[in-house]
Protein chains: 8
Amino acid sequence: MPEFRLDWERAARTGTSEAALCEPKTAAQIDAIIAHAAELGHRLLLTRLGPRKFSQLARAARQSLDYDAETRTAILGGVPATPATGRVAIVCGGTSDLSVAREAARALAFAGEAATLLADVGVAGLWRLTERIDDIRRHRVVIAVAGMEGALFSVLAGLVPCAVIAVPTSVGYGVARGGRTALHAALASCASGLAVVNIDNGFGAAHAALRILGTAAPTMPDADLGSWPT
Amino acid sequence: MPEFRLDWERAARTGTSEAALCEPKTAAQIDAIIAHAAELGHRLLLTRLGPRKFSQLARAARQSLDYDAETRTAILGGVPATPATGRVAIVCGGTSDLSVAREAARALAFAGEAATLLADVGVAGLWRLTERIDDIRRHRVVIAVAGMEGALFSVLAGLVPCAVIAVPTSVGYGVARGGRTALHAALASCASGLAVVNIDNGFGAAHAALRILGTAAPTMPDADLGSWPT
Amino acid sequence: MPEFRLDWERAARTGTSEAALCEPKTAAQIDAIIAHAAELGHRLLLTRLGPRKFSQLARAARQSLDYDAETRTAILGGVPATPATGRVAIVCGGTSDLSVAREAARALAFAGEAATLLADVGVAGLWRLTERIDDIRRHRVVIAVAGMEGALFSVLAGLVPCAVIAVPTSVGYGVARGGRTALHAALASCASGLAVVNIDNGFGAAHAALRILGTAAPTMPDADLGSWPT
Amino acid sequence: MPEFRLDWERAARTGTSEAALCEPKTAAQIDAIIAHAAELGHRLLLTRLGPRKFSQLARAARQSLDYDAETRTAILGGVPATPATGRVAIVCGGTSDLSVAREAARALAFAGEAATLLADVGVAGLWRLTERIDDIRRHRVVIAVAGMEGALFSVLAGLVPCAVIAVPTSVGYGVARGGRTALHAALASCASGLAVVNIDNGFGAAHAALRILGTAAPTMPDADLGSWPT
Amino acid sequence: MPEFRLDWERAARTGTSEAALCEPKTAAQIDAIIAHAAELGHRLLLTRLGPRKFSQLARAARQSLDYDAETRTAILGGVPATPATGRVAIVCGGTSDLSVAREAARALAFAGEAATLLADVGVAGLWRLTERIDDIRRHRVVIAVAGMEGALFSVLAGLVPCAVIAVPTSVGYGVARGGRTALHAALASCASGLAVVNIDNGFGAAHAALRILGTAAPTMPDADLGSWPT
Amino acid sequence: MPEFRLDWERAARTGTSEAALCEPKTAAQIDAIIAHAAELGHRLLLTRLGPRKFSQLARAARQSLDYDAETRTAILGGVPATPATGRVAIVCGGTSDLSVAREAARALAFAGEAATLLADVGVAGLWRLTERIDDIRRHRVVIAVAGMEGALFSVLAGLVPCAVIAVPTSVGYGVARGGRTALHAALASCASGLAVVNIDNGFGAAHAALRILGTAAPTMPDADLGSWPT
Amino acid sequence: MPEFRLDWERAARTGTSEAALCEPKTAAQIDAIIAHAAELGHRLLLTRLGPRKFSQLARAARQSLDYDAETRTAILGGVPATPATGRVAIVCGGTSDLSVAREAARALAFAGEAATLLADVGVAGLWRLTERIDDIRRHRVVIAVAGMEGALFSVLAGLVPCAVIAVPTSVGYGVARGGRTALHAALASCASGLAVVNIDNGFGAAHAALRILGTAAPTMPDADLGSWPT
Amino acid sequence: MPEFRLDWERAARTGTSEAALCEPKTAAQIDAIIAHAAELGHRLLLTRLGPRKFSQLARAARQSLDYDAETRTAILGGVPATPATGRVAIVCGGTSDLSVAREAARALAFAGEAATLLADVGVAGLWRLTERIDDIRRHRVVIAVAGMEGALFSVLAGLVPCAVIAVPTSVGYGVARGGRTALHAALASCASGLAVVNIDNGFGAAHAALRILGTAAPTMPDADLGSWPT
């Protein structure tokens, strides 16, 4: 019943490939998006594509993707080579935050940007953060990933002059309330100049980093994609 | 134990067929409602009837219905023919909002009202909205369907003089909070004169449109239906 | 420091005069807006202009306005004559909701649209509502204004086939929470097809009515106005 | 490891049999409670005992109970005969609220109190409520059960002089927020003198009715029960 | 502009005098209500009438009222004599809750019902509650008034078989959140059969008690009153 | 109308003097409490007694008190001498949190317990905290006072083995939401074993410290106090 | 891609063994942590390890653990012998709160600290609490565990001079809101000096008790653990 | 009683002057901070210093400051000259958001960074935004300032490849809820890569911009400042 009018030209126009948020889409819709992108020869990043929904995709779609279950991301069109040293540091304190941190790394890699991942710098062990701080400061952008009470954001922003992007995660229970406490902690931080993205939004943090590095063009993961026959 | 006293006369009285919200009802209750309506020869729209619950209905009930899994709607008594061109435009930005948009279209179709569905006009690609805006303005009523931050509502209401009904959807995660952010954005919009319905309530938007078009009579999807033996 | 580029042409273009939300603006900003509108000969509706801020305006500004303290509205350029019988009914149950109901009436009057105000039809006295219901049904649009638990919205929408716009008010205390309970009641109503606007937003309801009546063009109370020297 | 010191004597002392909230308990804990009650010859009402957990109980426990899946209640020790006409009316508007209404009826029946269940009196069909209102008014206590926006509470309390106990239900979606909108509507009602219980708490409403009728003694569904070996 | 159609006949019809919630009304509106009631010879209870607004009333209005600043209530038409011993006990734990407790007592007195006020029975000093418990149990209805965490409600309901109406108050700070914590504690109490009214709503508790005692007729403090000229 | 039955004997019984929360009480109520305590020769701590309300007290009451405006505390019966070195460290990061920190110090001093106040150890300057950490660790109990995002709680609890009591303060704006973000951060901290009190509750933290030190007996700031004639 | 730098030395340094929060971790991550700890000969407490995830662990991991399904805890390295009489009392009112209470007991046992568990002291049966109160007062620290409205916290804190740690649980429905009502009740208690931990956080309460007893050193259940290969 | 140990050396060390959040501080505390900074010859930015509190400062303090009432900022040590063209664009849609936008401009000016302020680009007049978009795109960083529903954030981020920092403002009423709706809209935006700061936090946005431009060093507006004698 609806007409279709896609916007792949925009991707060609801005130099940035498309991204699609898969969680609220049906497998049939995702299949159609992938087929369309493949036909046009466009690269595509798919986010929040869980293993179960991935397994429901058409075989051709699945075979065309570089899929990573931990980060729930898939890449159509190949992952480009990235430089040996990156301009972005991704810092997270707990094992539990790693999947979000790695989603950010994948989104950066999709754009050809290398990232340094430091996963053992929680506020509980300040000396570890202190020991690594010179390494962290060498980066242009720091993506900080933390759940629970999000104290890492303030401590880190107090120690580095770089741009700091806070990604609150939904790790925690009770009053952690699915990441809202970490989110509010990042926004209300006594360390000024923190920039914050939505809960568990590793992709958004990566895109913000690309904007800061001057290599991004606007992309919209969801709204750009037209309507698909089921 | 309870007595039953149904209100199907009211439907006859007002000229509007009944609708039933199926989500909180048991399959047995829905079966009884359908059987009763069929016996009386009434048409009936069923909303939020998921595929799993549909499959639990009695075979006779299932066979009497025009069921659509994507919109979770079923129609008893046949879908009327609708005019070639509609007075209502349904506009949505993302693929993910389509099921709600189509629920509105189904509810309009049930009442014999055609709708134009435009599915590729998200705020990310303003030119697409601009290109279609003359088409949209030709309609008496515009139903706008959007999740996440709901920016579409304000942009659209700023461009058309028609009645605009905003349907926030539960698409999104983190602070999107199941549609509440889109809902609040619609209500607090800087573009005045927006009328808003509940989250994911495509049916309600359709009914509001029918009221505006002057073809509606009051119907209550749930409260009118009596008590049924289990 | 900023440059100014106003948009009064847009008002000329769409046929709808401007409106300005005064609450968050300084008296100096409002003075500048009025002076500019007067200079260009444009009509202007000012909303949420409390008596105290009104008294802080420049004398010339005050003298040019038709000010109404109860509704906190002011009209620049005169109130047009309205027809004897209106197409819009404004219904409110309690004395306390009257100022919001009258704000809607003023905004309609500014646009030359008459309204019938019915102020004694609370759900507590159902017979009064029943007695008036034939009168109410004669209107194209019903604006329902209610605070506290907002039961009026559902009862009214169950009795009339017209377009119904619910304006929840901040009347009430405790869990009424500044109008949020009435707002949620309107949105979650079992009577379908209700269209809802923000809390205490009589102006927005009037504008929605104008859109429905087909006499509106989009206006934005706040965003259209540029930046003013203090 | 813990010691056990039960309080069944209290039940004997106050004349009211025990009740146990089963949702947060393990099947083993419920089995132990039933066995203990049976051994002492006490009657017992079990609430929120879903079919799945019921099926996990020991066979002896299951066989000793009068179980009702719709209301998720079970009665140990038999359901007493109740008088032909009751002093409590239970009023609910929608089919979806029936299971909560019937939980209240079961709890009253457990205490030997008859209830009149009126299930077709939603605010959408006011005449039905009006027709039944004389019947309702004949009761000492009215338990009103409604979800969504809970307008029934206000309308009903405006029409009867009896004690009215409002039971908001979790029926609805979006801003209905699991019953909170109906709860707030009951508490903020413009019809004064409404008494309110927790969401979906049919049992609590029944107990409040028993207190009002003067036949209750304090019982605590959960806190009285000791610790059980797993 | 609005027409006026008051409902004082209803008061005559039901035997219950009117009540008016004054907080959201202007002094002019209250004056008009009082004048109208006085003219018709009706008694009237005014609630939430603060000292400042009282002083703004017309002199004639002020002189006709029995005003009590602590409870912010005024009575038109005289306070009736009450029996020596009451059927209602009002129990509150802290000095800070007294004004709400006394509002309940005033509303009962307005209806000719005596109340016993026990003000020193907080959960902190359980023995005091224990010592008075036999006295409390002699009443038909207990109104419990408490702020902060509202533990009094559960303790009291566990000790008496009477009808217990909980009035949460806004006493407290931080997470007491204006009475919401006490409200939720009352609703979620482990002691079953508690009936709850809105925060600080001593008047509502009194009216619920009157309904329970069988001496009430429905009155609506706000919705019944028509619209008044300013 | 109410009877009075105070509980000063309890104070004598447990060895702990009374405390009264003054914010929700009238000046007349506070005067009566002070007069009563003075008559009986009891010591008394008054909290949240703002300068304006203090100035409204009777002259005799004011003269009998050791009043401190910054902490809004007053002491009746003299401040005892405290030892040179304390067992409690009070740590706060910002100037803005000092009044709450000092309320805790006053409450400890009232009980004869000295406290070490360290006011310059915010997470922004970690080296300062590190330099003082050996001093802090020498105390039995650490009271940490912080607003905004409350990162201090986690950092501190990660560095000391002492009992740590977190007092979130209402310092901050926007999403700091009156202290709720700091409160949630303390409760959801990744550093385990933090004990938390209500927002701005310096008094409560001091009392918790006294319980830990083994010198406390239960006192209730509000509930113990009877009802007073106005 | 990430580097690993663990912090087991810290455990050796502070004398406190590690703890790991398992809920947000994958089975592979938990396996790696256990293997690493076992290799280094460290003891380890695992919390919130549900039966399903436990069954997904490697067989070697499972065999090395002392697993308890009710409390969802596992201990690596053996449970030490504890003294016959403990310094900590764990008090809970309802059967439903037992699993949280026992998590606290397990965490204390892991640290060699005995606890007395009293499971039948809900506020509904005050005499039971009164009878046991002398026994409870003999302990240095009382951990109180309660859900629903959490009235137990206030009653208990009013009766004992010990340090009292409140653990609100998620037991309850409706406005109990997953433990938030019990949490707020603990924080807003009229009984001063209560120290509160996160909802369902039995482990945190145990750690707070260890800090109070002077036998704790800071440990962080999550943040200390590095990043693991999947 | 407290000791003072300030951290002005840090300012010298990092090259960034201090900033102080004045809202929660007393005039005496602010006076002491200014005097101390002046004595050491440090520059200082004071934020959220309202006219009333400014007038309460010591005369010497007032005379040493460059005070701006609209932005509530004061600068000690002079405002440096800024380049003719800036690298930062500050975009806001409504007159009401200007004070926050200008706070950001002041904070940038304090750091010697020029900003281009565009104040007439609300989403209601898309063509104005389109006309200016080439100008906006020339900047390295865009600070977007908007209240109400915050649709500007998404529209703008969809049109420019620059780093975009969203500053939600508290402009609006009802469900705008003090800026939370705009905040959530920014975080849940369908236009990816938006970086967000706290509500009304123009200063924070400026600092984030400085971090992005590589000219910032970490400063903490509040936590760095020691404790001051009153």
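Residues numbered from 1 in each chain as written. Chains lettered and ligands numbered in written order. Predicted model: local features only at pLDDT ≥ 70, side-chain atom pairs only at ≥ 80, totals over all residues. Heavy atoms only, no water.

Undergrad: When you look at the overall build of chain A in this model, what are you seeing that I'm missing?
TA: Tallying secondary structure elements over chain A gives nine helices and nine strands in all. Restricting the contact set of chain A to residue pairs at least 6 apart, pairs at least 24 apart contribute 70%. Total accessible area on chain A stands at roughly 6800 Å², and carbon and sulfur atoms take up 51% of it. (Helix = DSSP H or I, 4+ residues; strand = E, 2+ residues; numbered from the N terminus. Contact = heavy atoms within 4.5 Å. Areas by Shrake-Rupley, 256 points an atom, 1.4 Å probe, with all protein chains shown as cover.)

Undergrad: Looking at this structure, how should I read the sheet that holds strand β4 (residues 73–76) of chain B?
TA: Backbone hydrogen bonds are what pair the strands of a sheet, in a parallel or an antiparallel way. All names here are of chain B. Strands sit in the order β1-β2-β4-β3 across an open sheet of four strands; the sheet is mixed. Each of the sheet's edge strands pairs with one partner strand only, and the pair in question is β1 (18–21) and β3 (65–68). The mean angle between the axes of side-by-side strands here comes to 15°, regardless of whether they run parallel or antiparallel. In this sheet, β4 lies alongside strand β2 (residues 44–47) in antiparallel orientation, the contact comprising three bridges. Its bridge partner being in β4, L46 is matched across the sheet by A74. Most of the contacts of helix α2 (residues 27–40) go to β2, to which it runs at about 165°, and overall it touches β2, β3 and β4. (Pairing = 2+ DSSP bridges. Axes fitted to C-alpha atoms, helices over the stretch in contact; angles between N-to-C directions.)

Undergrad: Teacher, can you tell me more about the pairing of strand β1 (residues 18–21) of chain D here?
TA: Successive side chains on a regular strand alternate, one facing one side of the sheet and the next facing the other. Residue and element names in this part refer to chain D. Residues E18 and A20 of β1 are buried on one face, and the alternating residues A19 and L21, pointing to the opposite face, are buried as well. Summarising the sheet, β1 and strand β2 (residues 44–47) pair through four bridges and their orientation is parallel. Directly across from L21, in β2, lies its bridge partner T47. Handedness of the crossover joining β1 and β2 through helix α2 (residues 27–40) is recorded here as right-handed. (Buried < 20%, exposed > 50% of the residue type's maximum accessible area, 1.4 Å probe, protein only. Right-handed = clockwise from strand over helix to strand, strands pointing away.)

Undergrad: I'm lost on helix α5 (residues 98–110) of chain F in this one. Help?
TA: Count 3.6 residues to each turn of an α-helix, and residues three or four apart come out pointing the same way. All names here are of chain F. When the terminal C-alpha atoms of α5 are compared, their 18 Å separation across 13 residues agrees well with the 18 Å that a helix rising 1.5 Å per residue should span. Of all 13 residues in α5, 12 are buried, a share of seventy percent or more. Residues of α5 that are buried include every one of L98, V100, A101, R102, E103, A104, A105, R106, A107, L108, A109 and F110, and no others. The first or second residue beyond α5 is G112, which carries a positive phi of 80°. (Expected span 1.5 Å × (residues − 1).)

Undergrad: Help me understand the environment of A115(B) in this model?
TA: Residues and elements named next belong to chain B. Position of A115 relative to the elements: it lies in strand β6 (residues 115–118). On a C-alpha basis, the gap between A115 and V88 in space is 4.9 Å, while along the polypeptide they are 27 residues apart. Filtering out sequence-adjacent residues up to four positions away, A115 remains in contact with G86, V88, I90 and L108.

Undergrad: Looking at this structure, how should I read the pattern of salt bridges?
TA: When the charged atoms of two side chains lie near each other, side chains of opposite charge can form a pair. Under the counting rule described, the total for this entry stands at 48 salt bridges over all chains. Between E70(F) and R102(F) there is a salt bridge whose closest N-O contact spans 3.0 Å. Within this pair, whereas E70(F) is found in the loop between β3 (65–68) and β4 (73–76), its partner R102(F) is found in helix α5, the two being separated by 32 residues in sequence. Overall, the relative accessible area of 26% leaves E70(F) in the partly exposed class. You can call R102(F) buried: its relative accessible area is 11%. Each member of the salt-bridge network shares a partner with another, and the members are E23(A), R48(A) and R72(A). (Salt bridge = Lys/Arg side-chain N within 4 Å of Asp/Glu carboxyl O.)

Undergrad: Would you explain the packing of helix α5 (residues 98–110) of chain D against helix α9 (residues 202–213) of chain D in this entry?
TA: The packing of two helices is summarised by the inter-axis angle and the distance between the axes. All names here are of chain D. Here α5 crosses α9 at 40°, and the two axes come no closer than 7 Å. In terms of orientation, α5 lies oblique with respect to α9. Every pair of crossing elements has a handedness; the one defined by α5 and α9 is right-handed. On the side of α5, the interface is formed by V100, E103, A104, A107 and L108, while α9 contributes G202, F203, A206, A209 and L210. Here the contact of α5 with α9 is built from residues that sort into eight nonpolar, one polar and one charged. (Parallel < 35°, antiparallel > 145°, perpendicular 65-115°, else oblique. Left-handed = near helix turned anticlockwise from the far one by under 90°. Nonpolar A, V, L, I, M, F, W, Y, C, P; charged D, E, K, R; others polar.)

Undergrad: Would you take a moment to explain the sheet that holds strand β2 (residues 44–47) of chain E for this structure?
TA: Residues and elements named next belong to chain E. On the basis of which strands lie adjacent, the open sheet formed by four strands has the order β1-β2-β4-β3 and mixed pairing. Where the open sheet ends on each side, the last strands, each with one partner, are β1 (18–21) and β3 (65–68). The sheet shows a mean angle of 15° between the axes of neighbouring strands, taken without regard to direction. Sitting on the sheet, helix α5 (residues 98–110) is in contact with β1, β2, β3 and β4 (73–76), with an inclination near 10° to β4.

Undergrad: I'm lost on the packing of aromatic side chains in this one. Help?
TA: To describe a pair of aromatic rings, one takes the distance between the centres and the angle between the planes. On inspection of all chains with the given rule, the structure shows eight aromatic pairs over all chains. Here the aromatic rings of F54(C) and Y67(C) are separated by 3.9 Å at their centres, their planes lie at 5°, and the arrangement is stacked. Highlighted residues: F54(C) in helix α3 (residues 51–56) and Y67(C) in strand β3 (residues 65–68), separated in sequence by 13 residues. Exposure remark for F54(C): the relative accessible area of 15% places this residue in the buried category. The lysine or arginine in question, R43(B), covers the ring of F110(B), its NZ or CZ lying 4.1 Å from the ring centre. (Phe/Tyr/Trp six-rings, centres within 6.5 Å; stacked < 30°, edge-to-face > 60°. Lys NZ or Arg CZ within 6 Å of the ring centre and 35° of its normal.)

Undergrad: Help me understand the state of the cysteines, please; the structure alone is not making it clear to me.
TA: Among covalent bonds in proteins, the disulfide is the one between the sulfur atoms of two cysteines. Taken as a whole and assessed by the stated rule, the structure comprises zero disulfides over all chains. Among the cysteines around C162(A), which has no disulfide bond, C92(A) carries the closest sulfur, lying 17 Å off. Residue C162(A) is classed as buried on the basis of its relative accessible area of 5%. C22(G) carries a free sulfur, and the closest cysteine sulfur to it, the one in C190(F), is 16 Å from it. Using a relative accessible area of 0% as the deciding quantity, one classes C22(G) as buried. (Disulfide = S-S within 2.5 Å.)

Undergrad: Help me out: how do you make sense of the side chain of S189(H) in this one?
TA: Position of S189(H) among the secondary structure elements: in the loop between α8 (180–187) and β9 (194–196). Using a relative accessible area of 12% as the deciding quantity, one classes S189(H) as buried. There is a polar contact of 2.7 Å between the side chain of S189(H) and the side chain of S154(H). If we ignore the near neighbours within four places in the chain, the residues touching S189(H) are E149(B), S154(H) and L194(H). (Polar contact = N/O pair within 3.5 Å; in protein donor to acceptor, adjacent residues only side chain to side chain.)

Undergrad: Just to check I follow, could you spell out the pairing of strand β3 (residues 65–68) of chain D for this structure?
TA: Residue and element names in this part refer to chain D. Relative to strand β4 (residues 73–76), β3 runs antiparallel, the two sharing four bridges. In the strand pairing of β4, D68 is matched with T73. Counting the residues between successive antiparallel strands, the hairpin from β3 to β4 contains four residues, one of them, R72, with a positive phi of roughly 55°.

Undergrad: Even after reading the chapter, I still don't get the confidence of the model for chain A, so can you show me in this structure?
TA: Reading fine detail from the predicted coordinates is not recommended where pLDDT is low. All names here are of chain A. On average, chain A scores 86 in pLDDT, and the residues at 70 or more come to 85%. Averaged over each element, pLDDT in chain A is lowest for helix α1 (residues 8–14) (46) and highest for helix α3 (residues 51–56) (98). In the model, residues 1–6 has pLDDT below 50 throughout and makes 16 contacts with residues more than four positions away in sequence or in other chains. Confidence drops under a pLDDT of 50 for residues 217–230, and excluding neighbours within four residues, the segment shows 81 contacts in the predicted structure. The ipTM, which scores confidence in the relative placement of chains, is 0.89 for this predicted complex, and the corresponding pTM is 0.92. (pLDDT = per-residue confidence, 0-100.)

Undergrad: Help me understand unusual backbone geometry in this model?
TA: Residues apart from glycine generally show negative phi values, whereas peptide bonds are mostly found in trans. Even without being glycine, M148(C) reaches a positive phi, approximately 50°. Along the polypeptide, M148(C) turns up in the loop between β7 (141–146) and α7 (151–157).

Undergrad: Please explain the environment of A111(A) as it appears in this structure.
TA: Looking at the secondary structure, you find A111(A) in the loop between α5 (98–110) and β6 (115–118). In sequence terms A111(A) and L45(A) are 66 residues apart; their C-alpha atoms lie 9.6 Å from each other.

Undergrad: Where do I start with the environment of V197(H) in this structure?
TA: Tracing the backbone shows V197(H) in the loop between β9 and α9 (202–213). According to the relative accessible area criterion, V197(H) is buried, its value standing at 3%. Separated by 32 residues in sequence, V197(H) and I165(H) have C-alpha atoms that sit 7.3 Å apart. Sequence-distant contacts of V197(H), defined by excluding residues within four places in its chain, comprise L187(A), L194(A), I165(H), A166(H), V167(H), P168(H), L183(H), G204(H) and A205(H).

Undergrad: In this structure, what is going on with helix α9 (residues 202–213) of chain B? I would like to understand it.
TA: Residue and element names in this part refer to chain B. Across its 12 residues, α9 extends 17 Å between first and last C-alpha, which sits within 8% of the 16 Å expected from 1.5 Å per residue. For α9, the tally of buried residues reaches 12 of 12 residues, placing the bulk of the element in the interior. Along α9, the residues that are buried comprise G202, F203, G204, A205, A206, H207, A208, A209, L210, R211, I212 and L213. Looking at the residues trailing α9, positive phi occurs at G214, about 80°.

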